[in-house]
Structures are given as C-alpha cells and as structure tokens.
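# Understanding the architecture of this molecule
Okay, here's what each chain looks like letter by letter:
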Amino acid sequence: MATVIQHEVAPLHRQLDVTINKEDYLPSFEKAIKEYSKKANIPGFRKGMVPSGLIKKMYGNSLFVDEVLKTVDKEVINYLETEKLEIFAQPLPKEMNLASIDVNTPDDYTFSFEVGMKPEFNLPELAQMPLKKYKVGITDEEVTNEVERLQNRHGNMTEPEDVSKDDTVLNVSFVETDQEGVEKEGGIKKDNSLLLKYFKESFRPSLLGKKQGDSIQLRLDEAFEGKEAEWVMQDLGVDSPTDKHFKLHITKLGFVEQRDLNEEFFEQLFPSGEVTNEDAFREKVRGQLQQQWEGESRNQLHHQIYHELLDQTNINFPEEFLKRWIKTQGEKGEQKSDEQVEQEFPNFLKQLKWTLITDKIVGENGIAVQQSDIREFARQQLLGYMGGAALDEEQQWVKDYIDRMMKDRKYVEDSHTRVQMQKMFEWAESNVNPTDTPISKEEFQHMTQQHQQQHGEE
C-alpha cells in the first residue's frame, strides 16, 4: 500500500515523499498490456491477436513507466484531497531517475514532490480605511456646454454655399506641394474633416467666403497651432510643421443647425413628459452630468479600495517555491532563466496576492454569480453597443443575442470574472466609510490621469 510522508522544507514550503509498492501498480500495468495487445497493429498478426508477451517485450518498459507515474500522480492527488491541503499551482516533482524503473525488476519506488502552501491571513477593517469619495461639482458653464452639444448632436446638417461660421465643417483634401505650390511627386495626400475654428484665428479670414471646389495654399505652422496642430500633423504623418506646404482643396461644406430649445426637443430626449421648459431641461442635463461623474467617482473609490486592500493586507508567501514554479512555465516546456523569473516575480506576487484577497472576500461573504447576472451583463453590454438605446430582453433578437453569448464558454468565463469582481467591489463599498470630498472636474481628471500613468509604469 502506498504511503506519503510530509515534511517542512521552509515556512509554507513542504516536501511530499510518495512510496508505492508493486501491488499498487502491477495490476494496472498488466491490464494496460492486455488492452494494448487488442489494439496493436503488428505485421504477421491479426489485429487483437498479438500475444501479450510480445507486446511486453516490445513496449513493456514504456508502458511500465507510464503506469508507475500514473499511480504516483493518483496517490499525490488523493493525499492532497484527503488532507485538504491548500496549495499553490501544482506539486513540483523533484528530479526522477526514470532509468531505474525497469519492467524486468519491479520494485518499490519513492518519488518526492515540493508544494507551496496557501497562507492564512486576515483582511484589514474596511470601515477603518482612510478613503475619500469625491464629489465633482457641476458648473453652470458645463451645463451650458452640454446643452449646446446636445443641440448640435441632434441638429440638422445643411450644406452652406460658403464658409461663414466657426462651426462650418470643411471636408478637405491635403496635397503636399513645394513652396511655390507645385504638387510634389509622391508627396502626402490625405482627406480630412475640420471645423473652421480648428484653424489658427489669424488664418481663418483667408477661408471665409470659400466654396466647395475652392483651394488655398498653406504652411502647417501658419494654419494651425496647439493641440489642433498636433492632431493634423499626426494625421498627415509629419514631424515638423515649419517646412511642410500643402494645397487645401475644399471638397464639401457642412453646417449643423442647432436644435431649438422647445417642447419638441425636450420630448425627444426625455419622452416621459416631465421636461416642458428650458429651466427643467437644464436641471435634467445637470442631473445626468452629476450621475456620470458619480459613476467616475465610484470607480475611483474602487481603485482606492483595491490599493488599500493590497497595501494593508499582510500575506506571507513561499517565495522560493513560487520562483521555482514560475521557472517551469516557459514556452514549449522550456525553463525560464533566473533573470526572467526575477523580473516577472514582483508583478506575479502582486497578482497572486490580489487573487487570494478576492477569493477570501468572495468565499467568506457568499458572493455568487448567477446565470441571470451574466445574462444581464450581456444585455448591458449590448445596450452599450447600441448607444444606450432601451433594450428589453424579451425582444426576440435581443434574446437570441444573449442566448448565443451564453453558449460561448470563453465569454461566459470572462463575464463571470468581471461580474464577480463588480459584486465584490459593491460589497466592499457597502462596508467602507469614505469621507465626502468636493473636487473640481479639472482636479478630478488630473488625479485620474496621474493614477492611470502610475499603473502604466508598474
């Protein structure tokens, strides 16, 4: 009967010595020989009639080694399950001398495996975390800008005769020329759409009154500045604006006529009928902006919770074992170098720590993801693709889409992970006591950009 002896190599790092005897593997080996003889295709013998002795002579040693190793694996798995050992990854076998396993001299064999134990740890008190919930203030100017954006978005596109207003849309074609305006052979040619106000203020008068089919000669640094210059240069693929000359052909003109702020417009955007005048419309827009920023603020709070959990949770790891395990995870079975392991290890340990934290929160608080949760996630995702249009899952085409996604195993697994993480943060959010902190939109955006930059550098 097989025996397993466990002893400590280092804290959270143990070795399992597994000893099997002949009675553990010989019956399965004899059975493997018989099954192989029924399937073997050997010249001079009918299929299924090959003598077991011949099979044993030809393939016995490889089959023997396979059965010994299978028996060892089975004993290791049974031991881990019986003893309820919580381990990282898979057991790492120590070097095996397979040459000593000989079908002609069956014997007792001992194999050794190393395992890394999952540590016990405590989570910090969420209610004691020094967190902030940012309250982004919405100014009257921001409301006005959003109202104008909605008026333009839902406005009517017209085709004016000439360029007359800052919001005139110019569909243009850039054609690279020399300083005298002669087209360069093999030069840059690129179509684009630009508002008149994208051009440098001092250059705009030269475009006023221009019509479809007209052209104008320009040098990039004379026509554009600031972020508009960077955008146009990037689109054209040029590095310096000072030595680049172009002929600008106007291929089409457009102008969006703003929608009037009237009951027809209010009803289109808010069909419930509760908005009947401009003041109510502006308040509704303010509420939507506030809701958007509350969502951003909530995401930022989740980022704070993430960092606090990582920073304040103390977990010990069997680092030497984990480094040895990472080393075995090279491509095509090749081992990674020590340098690769050291380079990857900090980020690996951080991800592993977060996995343990989330597993503990999910397990201890019964955070479960139901099939209905994944279906709703798919519906919300489809709603996003459709630009926020109202979607009823009872609509046949919506139901068909969701049913199709639910059959995609990878999609379901990915969605399960995302929904579970979302539920975990919702649970955490209900257990923290953040301080309400007023902040301007500009300050909040700057803080978020810095946070994203720090994550990109990690």
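Residues numbered from 1 in each chain as written. Predicted model: local features only at pLDDT ≥ 70, side-chain atom pairs only at ≥ 80, totals over all residues. Heavy atoms only, no water.

## Some remarks on the overall build of the chain
Check the secondary structure of the chain and you find 13 helices and 11 strands. The C-alpha radius of gyration of the chain comes to 35 Å, more than 25% above the 23 Å expected for a compact globule of 458 residues. For the chain, the spread of C-alpha atoms along the principal axes amounts to about 100 × 65 × 50 Å. For the chain, the proportion of its 458 residues judged to be buried stands at 37%. A fraction of 71% describes how many contacts in the chain between residues 6 or more apart in sequence connect residues 24 or more apart. Element-wise, carbon and sulfur atoms account for 45% of the exposed surface of the chain, whose accessible area totals about 28200 Å². (Helix = DSSP H or I, 4+ residues; strand = E, 2+ residues; numbered from the N terminus. Rg over C-alpha atoms; globule rule 2.2 N^0.38 Å. Buried < 20%, exposed > 50% of the residue type's maximum accessible area, 1.4 Å probe, protein only. Contact = heavy atoms within 4.5 Å. Areas by Shrake-Rupley, 256 points an atom, 1.4 Å probe, with all protein chains shown as cover.)

## Quick look at the environment of Gln 340
Assignment of secondary structure puts Gln 340 in helix α9 (residues 338-364). Residues Gln 340 and Gly 155 lie 185 residues apart in sequence; the distance between their C-alpha atoms is 57 Å.

## Side note on the nonpolar core
Counting residues in hydrophobic clusters, the biggest one holds 31 residues, and the most contacted among them are Phe 88, Ile 305, Leu 309, Phe 317, Leu 322, Trp 354 and Ile 357. Of all the elements, α9 adds the most residues to this core, at 9 residues. Those residues in contact with Phe 88, other than ones at most four positions away along the chain, are Gly 116, Met 117, Lys 118, Pro 119, Phe 317, Pro 318, Phe 321, Leu 322, Leu 352 and Leu 356. With 24 residues, the next largest nonpolar core counts Leu 16, Leu 63, Val 68 and Val 72 among its residues. (Core = buried A, V, L, I, M, F, W, Y, C linked by side-chain atoms within 4.5 Å.)

## Points about the pairing of strand β2 (residues 13-20)
One face of the sheet, then the other: side chains in a regular strand alternate in exactly this way. β2 sits mainly inside the fold: 6 of its 8 residues count as buried. Pairing between strand β1 (residues 3-10) and β2: 7 bridges, direction antiparallel. Residue pairing across strands places Thr 3 opposite Thr 19, the latter belonging to β2. Here β1 folds back onto β2, and the loop between the two strands holds 2 residues, one of which, Leu 12, carries a positive phi near 65°. As defined by bridge partners, β2 adjoins strand β4 (residues 109-117) across 8 bridges and the pair is classed as antiparallel. Note on β4: the bridge partner recorded for Gln 15 is Glu 114. (Pairing = 2+ DSSP bridges.)

## Some remarks on a nonpolar patch on the surface
A cluster of nonpolar side chains, contributed by Tyr 385, Met 386 and Trp 397, occupies part of the molecular surface with about 360 Å² of accessible area. Position of Tyr 385 relative to the elements: it lies in helix α10 (residues 371-385). The class for Tyr 385 is exposed, based on a relative accessible area of 57%. (Patch = residues over 30% accessible without salt bridge, like charges linked within 9 Å, V, L, I, M, F, W, Y side chains within 5 Å. Salt bridge = Lys/Arg side-chain N within 4 Å of Asp/Glu carboxyl O.)

## Things to note about the packing of aromatic side chains
What the rule picks out here adds up to 17 aromatic pairs. Measuring from ring centre to ring centre gives 5.6 Å for Phe 265 and Phe 281, while their planes differ by 50°; the resulting arrangement is tilted. Here Phe 265, found in helix α6 (residues 263-269), pairs with Phe 281, found in helix α7 (residues 278-312); they are 16 residues apart in sequence, far enough to count as distant. The same class applies to Phe 265 as to Phe 281, namely buried. Ring-pair connections join several aromatic residues into one group, and the members of that group are Tyr 25, Phe 29, Phe 64 and Tyr 109. Its end group placed over the ring of Phe 345, Lys 323 keeps NZ or CZ at 5.1 Å from the ring centre. (Phe/Tyr/Trp six-rings, centres within 6.5 Å; stacked < 30°, edge-to-face > 60°. Lys NZ or Arg CZ within 6 Å of the ring centre and 35° of its normal.)

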